[in-house]
Amino acid sequence: MPEKTICNYPHSHGAPWGWALIIIFSGDEVMLDTLALQNSSANSSFITVLYTLLISFLLSTLIAMVYEKTFRGLSYSRNFVQSLILSSIVAATVMQAIGDSLASGLGMMGALAIIRFRTSFKDPRDIIFMFAALASGIASGVGGFDIAVVGTVGFCVAAFILYHSPFGQTGYYDGMLRFNMENDPESKGMLSDILKNNCKVFALITLRDIAQGKRLDYAYHIKMKYRKGKEDLLEELNSINHIKGVSLLLQETTVEL
């Protein structure tokens with residue numbers, strides 16, 4: 001049996017969670033065992049910093065992808081999606097630089113207080129995603145990798161569930177219905193049956209004569225029944241003889257720019 005020598009290198013001063021290596025010599029074999037990885041310190045190792053930035057980059061990229069997949073509207077901003085990723089990296093870098101130093105933290109707060117952020121968010125959902133990206137970067141920067149991963153995955157799953165669920169909607173497809181048709185009892189009866197079959201609530205807003213009273217122009221405020229689509233309503237309305245100018249504007253299709 002060859003002689004084995006165990007060399008336990010102590011932690012360096014100022015880095016209580018630094019690299020601790022046990023080197024076991026057995027003949028020509030050398031085995032390195034990493035006991036602890038420095039998570040946050042004023043003297044962070046280069047490998048630790050790279051690992052932290054990589055984790056924050058991957059987590060923020062996941063958040064940005066979820067934002068892109070669950071986005072609703074027309075005012076999509078590519079710069080905002082990239083900012084989600086970059087802000088997480090910046091937050092991780094700041095937390096690594098501060099470490100456990102109170103003086104560094106106060107100095108960083110003073111430096112950031114000089115900067116005035118004038119970017120306005122039109123959608124509160126954008127602010128939540130920005131906070132999520134910053135939270136993942138901060139958690140990674142202080143060494144809470146488990147918290148960062150679990151929190152990011154939980155946030156993304158919740159965002160997908162809320163995106164595909166009707167939670168938060170006060171009604172189903174509120175909208176405005178406009179059309180004109182001939183002024184005869186048969187057409188009015190068919191119109192009443194169609195609206196009762198497809199709409200939970202409907203209210204006549206305006207009614208005016210056109211073509212010297214031979215036709216009537218209608219404007220309704222409607223609330224669709226659950227699991228009733230606009231295609232079915234429009235198809236049934238077009239089955240009425242001599243109906244023209246059918247238009248349906250649903251609240252779901254309106255976007256705040």
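About the thresholds
- Residues numbered from 1 in each chain as written.
- Predicted model: local features only at pLDDT ≥ 70, side-chain atom pairs only at ≥ 80, totals over all residues.
- Heavy atoms only, no water.
- Pairing = 2+ DSSP bridges.
- Helix = DSSP H or I, 4+ residues; strand = E, 2+ residues; numbered from the N terminus.
- Axes fitted to C-alpha atoms, helices over the stretch in contact; angles between N-to-C directions.
- Buried < 20%, exposed > 50% of the residue type's maximum accessible area, 1.4 Å probe, protein only.

Colleague: Would you explain the pairing of strand β4 (residues 174-182) in this entry?
Modeller: Look at any regular strand and the pattern is simple: side chains alternate between the two faces of the sheet. Direction of pairing for β4 relative to strand β6 (residues 215-224): antiparallel, over a ladder of nine bridges. Residue pairing across strands places Leu-177 opposite Tyr-220, the latter belonging to β6. Pairing between β4 and strand β7 (residues 244-250): five bridges, direction antiparallel. Across the sheet, residue Gly-175 finds its bridge partner in β7, namely Leu-250.

Colleague: Is there a simple way to think about the sheet that holds β4 in this case?
Modeller: Pairing between the strands of a sheet is mediated by backbone hydrogen bonds and can be parallel or antiparallel. Strands sit in the order β5-β6-β4-β7 across an open sheet of four strands; the sheet is antiparallel. Where the open sheet ends on each side, the last strands, each with one partner, are β5 (199-210) and β7. Averaged over all pairs of adjacent strands, the angle between their axes in this sheet comes to 15°, without regard to strand direction. For β5 and β6, the ladder comprises 10 bridges, and the chain directions are antiparallel.

Colleague: Could you clarify how one ought to interpret the pairing of β6 in this entry?
Modeller: The element β6 is extensively covered by neighbouring structure, given that eight of its 10 residues are classed as buried. Between β5 and β6, which pair antiparallel in sequence order, lie four residues; one of them, Ala-211, sits at a positive phi of approximately 55°.

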